[in-house]
2 protein chains.
Amino acid sequence: MAKPLLKATMLTVTALLAGLACQPDPGATPLPSWRDGPTKSAIVSFVERVTDPAHGDYRAPMERVAVFDNDGTLWAEQPMYFQLAYALDRVRALAPEHPEWASTEPFRAVIEDDREAMASFGMPELMAIIGATHAGMTITDFRTSARAWIDSTRHPHLERRYRDLTYQPMVELLDYLRANGFQVWIVSGGGIEFLRTFSQDAYGVPPERVIGSSTAVEYRVEAMGPVLVKLPKLGSLDDKEGKPVNINLHIGRRPILAFGNSDGDFQMLEYTTAGQGARLGLLLHHDDAEREWAYDRDSHIGRLDRGLDGAAERGWVIVSMARDFGEIFSPGPP
Amino acid sequence: MAKPLLKATMLTVTALLAGLACQPDPGATPLPSWRDGPTKSAIVSFVERVTDPAHGDYRAPMERVAVFDNDGTLWAEQPMYFQLAYALDRVRALAPEHPEWASTEPFRAVIEDDREAMASFGMPELMAIIGATHAGMTITDFRTSARAWIDSTRHPHLERRYRDLTYQPMVELLDYLRANGFQVWIVSGGGIEFLRTFSQDAYGVPPERVIGSSTAVEYRVEAMGPVLVKLPKLGSLDDKEGKPVNINLHIGRRPILAFGNSDGDFQMLEYTTAGQGARLGLLLHHDDAEREWAYDRDSHIGRLDRGLDGAAERGWVIVSMARDFGEIFSPGPP
């Protein structure tokens, strides 16, 4: 009896060890919310090649760096960036303390819900609003405020809370990559501290793997102890050329996979896929007006124009939400 | 026979699992190059408390963030910061291409080896030298150049190459912390890209765990592809107040352990140890003129004055190189 029992036990040990080394269960079908087709095949094939030590495309785990845009890539971004919705709610909440806002643009437009004026907001108005509503807060207070808002506020059209507007196929992809030894990073034009309030819970991405736009921050020692205070001054704009610059600053390695959805991600994909060896660049195309939104070249948010034109020659995969996503949104929390 | 054999095998499995979960071998004495005494006891006690789920000081692995200064903490910094020695060698190497430097300070002093003038260099001169010798290079070329210098150049007094001037007790401490589930980060006033050329090999710290001073960087698409170019402009000075600001930017969590050696590390220790729960702040005191150097309050490099005065009331541990370090330098590469 002894030997077969020992053998069976050792097989169990081997299985346990394989699980602990974070190898994916070969029996499970990866990416269940992705529809079968060329897009899913391209992703799975890439991951299988770079993780197969016998393949010419193999990359050591330390080189398996994957970067993801957030707004429009990991969660929705219509009809306005969710962080802007938060900032507008902050304007309304802070208005009683700022009577001068009643006659000062862009605040007047927000307080009076002047949608025509708000629709014309450009970068200067956004910066003024973010500066006025985020600056002067400590990092701790900002995170508490943003977290409470994300957890409680409902999207105006979708009948879900903002925090439940993550895309299920993307959440599965992050898990699949991590199970295959990838480091998964978020590289967003959104604010780094705003992202950190939900990145761990929503995506399993810890704060040190989040890169985003940032305000300047000041270190102050107050009576209660040292604090970090957000200043009304841009620190870094993590968009377009800013993305590869910040990827180098934070990661210090060129990624081998980049996934975005707009022309703000063009340089991130360009930088990633121009490296030597196997690389994968992907752009999510919002082409599903029925289940989400359809927008690209003419959108004022998440505009995708240069990316659509340049993808073919660069070998980037255009991911169709309508064709490739079996589910769109992640199920709500249990 | 079956049951005892199965039990013995399961014990082996348990041992294997324990090993895979990165538990330290309880039979090994940690920190062999640290002399027994209150300093070593304070470190080991802290690590045992924060890793013991039954202890009130227990911290989950994700919260076990430890930050280390580099110059004067992980490796030597006398008679000048090693990166400055590299920059001066670059001035000499580039001088033929810059005939104007023969009559322009601070370059003239470097080229003529005018030690009196060089001894008086302050921040403006250092910035001018680093700007002129580091700027315009791509990140890739800079790393290649710095790496070649560190690997080949010998320290003027110590008969060792610069790369072999890391402190053995500190290298052991980094290993010990990682074996106990800590994330180990470098937070240095030195240049982030300079550090990344040796941090993995010397300390086991990968590029994404390195925080340092940085120049501004520009993304350019050239004929050969996209490149990142260092600009002659400061991006971030990672010293004093800059350290907690950059810790928040890169890590996004307050560390529970901080180790420095100079007043440039004061705010990093202050920020770290002001947090709630168990915290440990340490300052390495260079008090061993025989085996290394002895300097503190009056040194122009690694000045330690405010830290010596403020340590007691803050509960920071002053680590004496003479008393606590059994060995100073790491053995050279095999």
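In this numbering scheme, every chain counts its residues from 1 along its sequence in written order. To label them, take the chains in the order written and letter them from A, then take the ligands in the order written and number them from 1. For a predicted model such as this one, the threshold for reporting local features is a pLDDT of at least 70, and the threshold for listing and counting side-chain atom pairs is 80 or more; totals across whole chains, interfaces and linings nevertheless cover every residue. Only hydrogens and water are set aside when side-chain values are computed; all heavy atoms of the structure are taken into account.

Now for the side chain of Ser320 of chain B. The secondary structure listing takes helices from DSSP runs of H or I that are at least 4 residues long and strands from runs of E that are at least 2 residues long, numbered from the N terminus. Inspection of the secondary structure assignment puts Ser320 of chain B in strand β8 (residues 317–320). Burial classes: relative accessible area under 20% of the type maximum marks a residue as buried, over 50% as exposed, and values in between as partly exposed (1.4 Å probe, protein chains only). Residue Ser320 of chain B is classed as buried on the basis of its relative accessible area, which comes to 7%.

Turning next to the pattern of salt bridges. Here a salt bridge means any side-chain nitrogen of Lys or Arg lying within 4 Å of a carboxyl oxygen belonging to Asp or Glu. Counting across every chain of the model gives 54 salt bridges over all chains. With its nearest N and O atoms 3.0 Å apart, the salt bridge here joins Asp69 of chain A to Lys243 of chain A. Within this pair, whereas Asp69 of chain A is found in the loop between β1 (65–68) and α3 (82–94), its partner Lys243 of chain A is found in helix α11 (residues 242–250), the two being separated by 174 residues in sequence. As far as the burial class goes, Asp69 of chain A and Lys243 of chain A line up, both buried. One salt bridge connects Arg108 of chain B with Glu105 of chain B, and the closest N-O pair in it is separated by 2.4 Å. When salt bridges with common partners are traced through the structure, they connect Arg147, Asp151, Arg161, Arg163, Asp164 and Asp201 of chain A into a single cluster.

For the rest of this paragraph, the subject is the nonpolar core. Residue and element names in this part refer to chain A. To form a nonpolar core, buried Ala, Val, Leu, Ile, Met, Phe, Trp, Tyr and Cys residues must be joined to one another through side-chain atoms within 4.5 Å. Of all hydrophobic cores here, the largest spans 55 residues; its most connected members are Phe68, Leu173 and Phe259. In terms of residue count, helix α8 (residues 168–179) provides more of this core than any other element does, six residues in total. Only heavy atoms matter for contacts: two residues are in contact if any of them lie within 4.5 Å across the pair. Each residue touching Phe68, except ones within four places of it in the same chain, is listed here: Leu74, Met170, Leu173, Leu174, Leu177, Val184, Trp185, Ile186, Val187, Leu257, Phe259 and Met268.

Our focus in this paragraph is unusual backbone geometry. Generally, phi is negative for residues other than glycine and the peptide bonds are trans, each holding for most cases. The amide bond that connects Gln78 of chain A to the next residue, Pro79 of chain A, takes the cis arrangement and shows omega of -5 degrees. As for its placement among the helices and strands, Pro79 of chain A is situated in the loop between β1 and α3. Along the chain, Glu105 of chain B connects to Pro106 of chain B via a cis peptide bond; the corresponding omega equals 0 degrees. When you line up the elements, Pro106 of chain B lands in the loop between α3 (82–94) and α4 (107–111). A positive phi is found at Leu31 of chain B, a non-glycine position, where the angle reads about 55 degrees. Since its relative accessible area comes to 2%, Leu31 of chain B is described here as buried. In the Ramachandran plot, Lys240 of chain B falls in the positive-phi region, its phi being about 50 degrees despite a non-glycine side chain. Tracing the sequence through the fold places Lys240 of chain B in the loop between β4 (225–236) and α11 (242–250).

Attention now moves to helix α6 (residues 123–134) of chain A. Residues and elements named next belong to chain A. How far a helix is expected to stretch is found by multiplying one less than its residue total by 1.5 Å. Given a rise of 1.5 Å per residue, twelve residues ought to cover 16 Å, and the 16 Å separating the end C-alpha atoms of α6 matches this to within 8%. For α6, the full list of buried residues reads Leu126, Ile129, Thr133 and His134. Seen from one end, α6 has its buried residues packed into an arc of 100 degrees, which puts them on one side. Packed against the buried residues of α6 are α3, α4 (107–111), α7 (139–152) and β4 (225–236). Following α6 by one or two positions, Gly136 has its phi on the positive side, about 85 degrees. Within this analysis, the arc is defined by the directions that extend from the helix axis to the C-beta atoms.

The subject of this paragraph is the packing of helix α2 (residues 38–50) of chain A against α8 of chain A. All names here are of chain A. Two numbers describe how α2 lies on α8: the axes approach to 11 Å, and their chain directions differ by 15 degrees. Judged by the inter-axis angle, α2 sits roughly parallel to α8. At the point where α2 passes α8, the crossing takes the right-handed sense. Between α2, through Ile43, Val44 and Val47, and α8, the contact on the second element is made entirely by Leu173, Tyr176 and Leu177. In terms of residue class, the contact of α2 with α8 is built from six nonpolar, no polar and no charged. Fitting a line to C-alpha atoms yields each axis, with helices limited to the stretch in contact; the angle taken between N-to-C directions then spans 0 to 180 degrees. Angles are sorted into four bins: roughly parallel if under 35 degrees, roughly antiparallel if over 145, roughly perpendicular if 65 to 115, and oblique for all others. Working rule for handedness: look at the near helix, and if it is turned counterclockwise from the far one by less than a right angle, call the crossing left-handed; if clockwise, right-handed. Under the grouping applied here, Gly and all other residues not named as nonpolar or charged are polar, the nonpolar ones being Ala, Val, Leu, Ile, Met, Phe, Trp, Tyr, Cys and Pro and the charged ones Asp, Glu, Lys and Arg.

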